[in-house]
Amino acid sequence: MRAAIIHYWLLNMRGGEKVVEALCRMLPEADLFTLFYDPARVSETIRGRRVTASFLNPLRRHYRSLLPLMPMALESFDLRGYDLIVSSESGPAKGVLAPSTARHVCYCHTPMRYLWDLYPAYRNEFTTSAWKRAVMAPAANYLRLWDFSSAARVDEFAANSANVARRIWKTYRREARVIYPPVAVESFYWKEPEDYYLIVSELVAYKRIDMAVQLFSKNGRRLRIVGNGPEYGALKALARGSVEFCGRVSDEELRELYARSRALLLPGEEDFGLTPVEALASGKPVIALGRGGVLESVPETDPVGGVLYGGPEQLAAALEEFERVEPHISPASLRKWAERFCEKKFAEQMRSLLLPTNGS
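Heads up: these notes are all about the structure in this document.

Rules used throughout
Residues numbered from 1 in each chain as written. Predicted model: local features only at pLDDT ≥ 70, side-chain atom pairs only at ≥ 80, totals over all residues. Heavy atoms only, no water. Helix = DSSP H or I, 4+ residues; strand = E, 2+ residues; numbered from the N terminus. Rg over C-alpha atoms; globule rule 2.2 N^0.38 Å. Buried < 20%, exposed > 50% of the residue type's maximum accessible area, 1.4 Å probe, protein only. Lys, Arg positive; Asp, Glu negative; His and termini not counted. Charge placed at Lys NZ, Arg CZ, Asp CG, Glu CD. Salt bridge = Lys/Arg side-chain N within 4 Å of Asp/Glu carboxyl O. Disulfide = S-S within 2.5 Å. Contact = heavy atoms within 4.5 Å. Phe/Tyr/Trp six-rings, centres within 6.5 Å; stacked < 30°, edge-to-face > 60°. Pairing = 2+ DSSP bridges. Axes fitted to C-alpha atoms, helices over the stretch in contact; angles between N-to-C directions.

### Some details on the overall build of the chain
Line of reasoning, step 1. Check the secondary structure of the chain and you find 14 helices and 13 strands.
Line of reasoning, step 2. Computed over the C-alpha atoms, the radius of gyration of the chain is 20 Å, within 12% of the 21 Å expected from 2.2 N^0.38 for a compact globule of 360 residues.
Line of reasoning, step 3. Each principal axis of the C-alpha distribution contributes one length, and for the chain these read about 60 × 50 × 35 Å.
Line of reasoning, step 4. Looking at the 360 residues of the chain, the share that counts as buried comes to 54%.
Line of reasoning, step 5. Measuring between centres, the 48 positive side-chain charges of the chain sit 3 Å from its 43 negative side-chain charges.

In structure tokens form, the structure reads like this:
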């Protein structure tokens with residue numbers, strides 16, 4: 001059986017790319033197709049595959065601006081001869097034209113945020129240029145129509161959380177099997193905490209890192225931020241001395257930062273979010289906005305996994321609450337909890353979906 005894995009873009013190593021790595025290990029002969037590809041910024045596992053990038057790849061530095069051209073680029077991939085197509089979706093990926101004889105399974109991290117759930121925020125808050133807002137409305141309308149219609153090209157959906165499964169139903173009117181994404185929980189470890197909090201995130205507006213930067217700049221507590229993105233300059237301008245920007249770090253450095261932190265902060269809503277699980281696997285609690293995927297990954301009781309708060313304005317109070325309960329948190333219990341998100345369980349569930357036995 002010939003298999004192809006379609007991923008929206010391979011330009012870094014975040015949660016979606018970790019799923020691609022796990023799929024590569026499950027399907028060792030599969031080829032990869034992607035809109036944009038930078039081999040220097042992905043893992044050896046991905047570089048070791050035959051990767052086909054779209055005709056847009058020479059423009060990958062400007063990939064965020066090329067969304068209207070992505071449907072055409074996806075539909076240009078020649079997938080003749082493949083029996084199984086697995087698309088990894090949160091940007092457009094499922095819109096490929098699969099052969100009629102092939103089975104197409106979409107692992108959906110979320111329907112495209114900037115077209116659906118977060119469109120009003122992108123249109124009215126995150127986009128400051130008047131001409132960009134004027135162009136966005138007709139382009140987004142066209143892309144929503146294409147995105148909805150391309151869902152019909154998928155034989156079966158899997159969602160990375162019950163939260164995303166609800167979005168898939170709301171957006172596409174399609175049922176989805178919930179399969180949590182894989183985390184290499186065994187590679188994380190606990191160390192005695194130092195006096196700093198940690199954020200691990202792409203620096204984009206909807207992550208609401210600005211709220212944490214403003215709070216920690218005022219209260220003087222130490223905050224380390226791992227990641228990069230278009231909001232880096234604006235966040236750096238907000239920050240004061242107690243806030244440190246670490247940029248992109250190696251996997252080894254990231255594990256050490258988790259291990260020595262007091263807690264992980266998530267000021268924005270996550271679809272599922274691998275970073276809370278990585279923190280829990282390090283025996284570290286999580287302070288998060290109590291919406292979206294953290295409701296499935298972070299336990300509030302038995303064990304106490306941290307503090308979930310109700311609204312953005314409650315972050316300061318949540319921090320105080322965390323410091324009150326911190327002595328009662330068990331690192332060993334958190335590490336045990338995180339084991340339910342290991343790659344072995346992901347692989348078992350995905351294998352039953354991708355390679356069903358006869359009669360199932």
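Here the narrative resumes, following the displayed structure.
### A short note on the pattern of salt bridges
For side chains of opposite charge, pairing can occur when their charged atoms come near one another.
Line of reasoning, step 1. The tally for this structure, following the rule as stated, stands at 28 salt bridges.
Line of reasoning, step 2. Across the pair D31 and R2 runs a salt bridge whose closest N-O atoms are separated by 3.6 Å. Here D31, found in strand 2 (residues 31–34), pairs with R2, found in the segment before strand 1 (3–7); they are 29 residues apart in sequence, far enough to count as distant.
Line of reasoning, step 3. The class of R2 is partly exposed, set by a relative accessible area of 38%.
Line of reasoning, step 4. Here K94 and E89 are joined by a salt bridge, their closest N and O atoms 2.9 Å apart. The same class applies to K94 and to E89, which are both buried.

### Some remarks on the state of the cysteines
Line of reasoning, step 1. Evaluated as defined, the whole model comprises zero disulfides.
Line of reasoning, step 2. Here C24 stays unpaired: no disulfide links it, and the sulfur of C106, its closest cysteine neighbor, is 16 Å away.
Line of reasoning, step 3. Residue classification places C24 among the buried residues on the basis of a relative accessible area of 1%.

### Observations regarding helix 7 (residues 209–219)
Line of reasoning, step 1. Among the residues making up helix 7, those that are buried are I209, A212, V213, L215, F216 and S217.
Line of reasoning, step 2. Where the residues of helix 7 are buried, they touch strand 8 (197–200), strand 9 (223–226), helix 8 (232–238), strand 10 (243–247), strand 11 (264–266) and helix 12 (315–325).
Line of reasoning, step 3. With its phi angle positive at about 80°, G220 sits one or two positions after the end of helix 7.

### Focus: the packing of aromatic side chains
Line of reasoning, step 1. Per the counting criterion, the structure on display carries 15 aromatic pairs.
Line of reasoning, step 2. Considering the side-chain rings of Y107 and F346, the 5.8 Å spacing of their centres and the 80° angle between planes classify their relative orientation as edge-to-face. Residue Y107 is located in strand 5 (residues 103–108), and its partner F346 is located in helix 14 (residues 343–354); the two are separated by 239 residues in the primary sequence. Assigned by exposure class, Y107 and F346 land together as buried.

### Here's the deal with the sheet that holds strand 3 (residues 51–53)
In a beta sheet, neighbouring strands are held together by backbone hydrogen bonds and run either parallel or antiparallel to one another.
Line of reasoning, step 1. On the basis of which strands lie adjacent, the open sheet formed by seven strands has the order 3-2-1-4-5-6-7 and parallel pairing. Unpaired on one side and paired on the other, strand 3 and strand 7 (176–178) mark the two borders of the sheet. Strand-to-strand twist of the sheet, defined as the mean angle between neighbouring strand axes without regard to direction, takes the value 20°.
Line of reasoning, step 2. Relative to strand 5, strand 4 (residues 84–89) runs parallel, the two being bridged by six bridges. Bridge pairing links S88 to Y107 in strand 5.

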